[in-house]
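Observations on the model geometry
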Amino acid sequence: MNFLKSKKLQSYKIRLFVFIMLLSLQLTYSIHPYAATDDSKKEVTSYIEQIFQRRNKAILSGDLELIKSIYNMNTKYGTWAYEYEKRKMNYINNWAQKQGVKFIGITPTIIIKSIKGNIDNCSVYLLCSTEYKYVYENQPEIENISRIGTYHILQLTSKDGSWIISKEWYKDPFGDSLNLDNIKADSIKAHILSQSAREFSTLHKRRINAIEYADKYCGAASTAEFEYKYNKKYRDYNPQGGDCANFASQILFEGGKFRKNSAWNYDKNGATRGWLNADGFIKYMTNSGRASVIAYGSYDKVYKASYNLLPGDFVAYEKKNDVTHISVVTGADSKGYSLVSCHNSDRNKVPWDLGWSNKSIRFWLVRVHY
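Numbers given for residues are sequential positions, taken from 1 along each chain in its written order. Local features are withheld for residues below a pLDDT of 70 in this predicted model, meaning they are given only at 70 or higher, and side-chain atom pairs are given and counted only at 80 or more; totals for whole chains, interfaces and linings count all residues. Only hydrogens and water are set aside when side-chain values are computed; all heavy atoms of the structure are taken into account.

Moving on: the side chain of Asp353. Helix numbering and strand numbering both begin at the N terminus, where a helix is a DSSP run of H or I of at least 4 residues and a strand a DSSP run of E of at least 2. Tracing the chain through its elements places Asp353 in the loop between strand E11 (346–351) and strand E12 (362–368). Using a 1.4 Å probe on the protein chains alone, a residue whose accessible area is under 20% of its type maximum counts as buried, one over 50% counts as exposed, and one in between counts as partly exposed. You can call Asp353 buried: its relative accessible area is 2%. At 2.9 Å, the side chain of Asp353 forms a polar contact with the side chain of Lys98. Residue contacts are counted whenever heavy atoms from the two residues lie within 4.5 Å of one another. Setting aside residues up to four positions removed in sequence, Asp353 forms contacts with Tyr91, Trp95, Lys98, Tyr299 and Tyr337. As used in this structure description, the phrase polar contact means that two N or O atoms lie within 3.5 Å; if the pair is within protein, one of them must be able to donate a hydrogen and the other to accept it, and residues adjacent in sequence are counted only when both atoms belong to side chains.

This is the structure:
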């Protein structure tokens, strides 16, 4: 991709993020669908499900033409959306090579929130909870499952009796970094494949309760059992810049039974910086003695130490000397690789570095003292 296209794509991603943050304000009330028959709405819903299934199939097979067929390539927004999906497909495949895994299934669950428009053009707001299945090269008999949740606005155009995407906005969980530059993939892969599953049967009860809370309230990354929701007792801060630290604090308070104090607090008047801000959260936790740092640095410096993380610990992600994201460890896969859950782009038991593969990112691996 040339420099001009790269700048356009970056601009598109920024507008995408701003738009989806504004859009999330609408989550608290219902948007009425356009005046059409139930059959028409079912038809649109069916086509959307087919679009997502085809796109995920293309990611697994590397079929760029199949991805391209989903988009209206006659519009700049459709073209940019396609180019972004192309980059994401390449990233997922590169990450899988680094990890020594093969993705064997990407299954979306679509929940339509609203449909507005007419029989030729319509705008759809939806929630997508996507299940990713992968196996390790030397352990193909064991499936590992992660779930990622996203919120989408789609502009659909009717074409040849079907629908294609003219515009698409969503906060992508892989959008924080789509690069794997200067990663020593061969040695990393060999180390990961040499590991074994880890046993967590003796975890402290407070850690277990923390994970149960994370599983229940990880939003679009949860399951139908938990209705893909956040805990309504707490404000959703995604429109104000992010909800990751708020969710991590909830996990430690509601599940882990840490007590609130003047520096770490949420009430009807709002939240303190230590509760709500990612950088403030890690500073509070480590300075207060409630947590301590296991390892800090680039991926190649900390990935071996990541096997020391326990469910209920957390990972902080630093960009340009500022911690911008918090994920809580909620398990480990069949090779003992730590899995995390979080808000913003909702994740449920996802490999801790997936979507954070940039040589400039620094990771904080943090032990929580329950």
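To continue, consider the nonpolar core. In these notes, a set of buried Ala, Val, Leu, Ile, Met, Phe, Trp, Tyr and Cys residues joined through side-chain atoms within 4.5 Å is what counts as a nonpolar core. Ranked by internal contacts, the top residues of the largest apolar core, which has 59 residues, are Ile48, Leu156, Val315, Trp352, Phe363 and Leu365. In contact with Ile48, other than residues within four places in its own chain, are Ile110, Ile112, Val124, Leu126, Leu154 and Leu156.

The next subject is the pattern of salt bridges. Salt bridges are defined by distance alone: a side-chain nitrogen of Lys or Arg within 4 Å of a carboxyl oxygen of Asp or Glu. Scanning all chains against the criterion turns up 15 salt bridges. With a closest N to O distance of 3.0 Å, Asp279 and Lys283 form a salt bridge. Of this pair, Asp279 and Lys283 are both found in helix H9 (residues 278–287), 4 residues apart, which corresponds to roughly one turn of the helix. With relative accessibility at 9%, the residue Asp279 sits in the buried group. Among the ionic contacts, a cluster of salt bridges with common partners joins Arg55, Glu85, Lys88 and Glu168.

Below, the discussion takes up the packing of aromatic side chains. Side-chain rings of Phe, Tyr and Trp (the six-membered ring for Trp) are treated as a pair once their centres are within 6.5 Å; stacked means planes under 30 degrees apart, edge-to-face means over 60, and tilted covers the remaining angles. Under the definition given, this model contains 24 aromatic pairs. Seen in terms of ring centroids, Trp95 and Phe103 are 6.2 Å apart; in terms of plane orientation they differ by 40°. Their pairing is tilted. Owing to a relative accessible area of 0%, Trp95 belongs among the buried residues under this scheme. For Phe103, a relative accessible area of 11% translates into the label buried. Seen in terms of ring centroids, Tyr213 and Tyr217 are 4.8 Å apart; in terms of plane orientation they differ by 50°. Their pairing is tilted. Residues Tyr213 and Tyr217 agree in their burial class; the two are buried. Members of the aromatic cluster, each reached through a chain of ring pairs, are Tyr299, Tyr303, Tyr307, Tyr317, Tyr337, Trp352, Trp356 and Phe363. For a ring to carry a charge above it, either NZ of a lysine or CZ of an arginine must fall within 6 Å of the ring centroid while also lying within 35 degrees of the normal to the ring plane. Of note, Arg206 hangs over the ring of Phe258, and the distance from its end group to the ring centre comes to 4.6 Å.

Below, the discussion takes up the side chain of Glu168. Structurally, the position occupied by Glu168 is in strand E4 (residues 162–170). Its relative accessible area of 2% is what places Glu168 among the buried residues. Polar side-chain contacts of Glu168 include one of 2.8 Å to the side chain of Arg55. Separated by 3.3 Å, the side chains of Glu168 and Tyr71 make a polar contact.

Below, the discussion takes up empty space enclosed by the protein. The distinction between a cavity and a pocket rests on a 1 Å grid over the protein atoms alone: a 1.4 Å probe fits inside a cavity but cannot get out, while a pocket stays open yet meets protein on both sides within 12 Å along at least five of seven lines, and a residue with an atom within 4 Å of a point counts as lining. Grid points are joined across faces, edges and corners, and a volume is the space filled by probe spheres set on the points. All chains considered together, the criterion is met by 4 cavities of 30 Å³ or more. When its volume is computed, the largest cavity comes out at roughly 140 Å³. Every residue lining the largest cavity is counted, 17 residues in all, and those nearest its centre are Asn56, Lys88, Thr130, Tyr132 and Thr150. Taken together, the elements giving at least two residues each to the lining of the largest cavity come down to helix H2 (38–61), helix H4 (76–99), strand E2 (121–136) and strand E3 (139–159). Here the element with the most residues in the lining of the largest cavity is H2; it accounts for 4 residues. Note that Gly is not counted as nonpolar here; it falls among the polar residues with everything else outside the nonpolar set of Ala, Val, Leu, Ile, Met, Phe, Trp, Tyr, Cys and Pro and the charged set of Asp, Glu, Lys and Arg. Class assignment of the residues belonging to the lining of the largest cavity gives a composition of 9 nonpolar, 4 polar and 4 charged.

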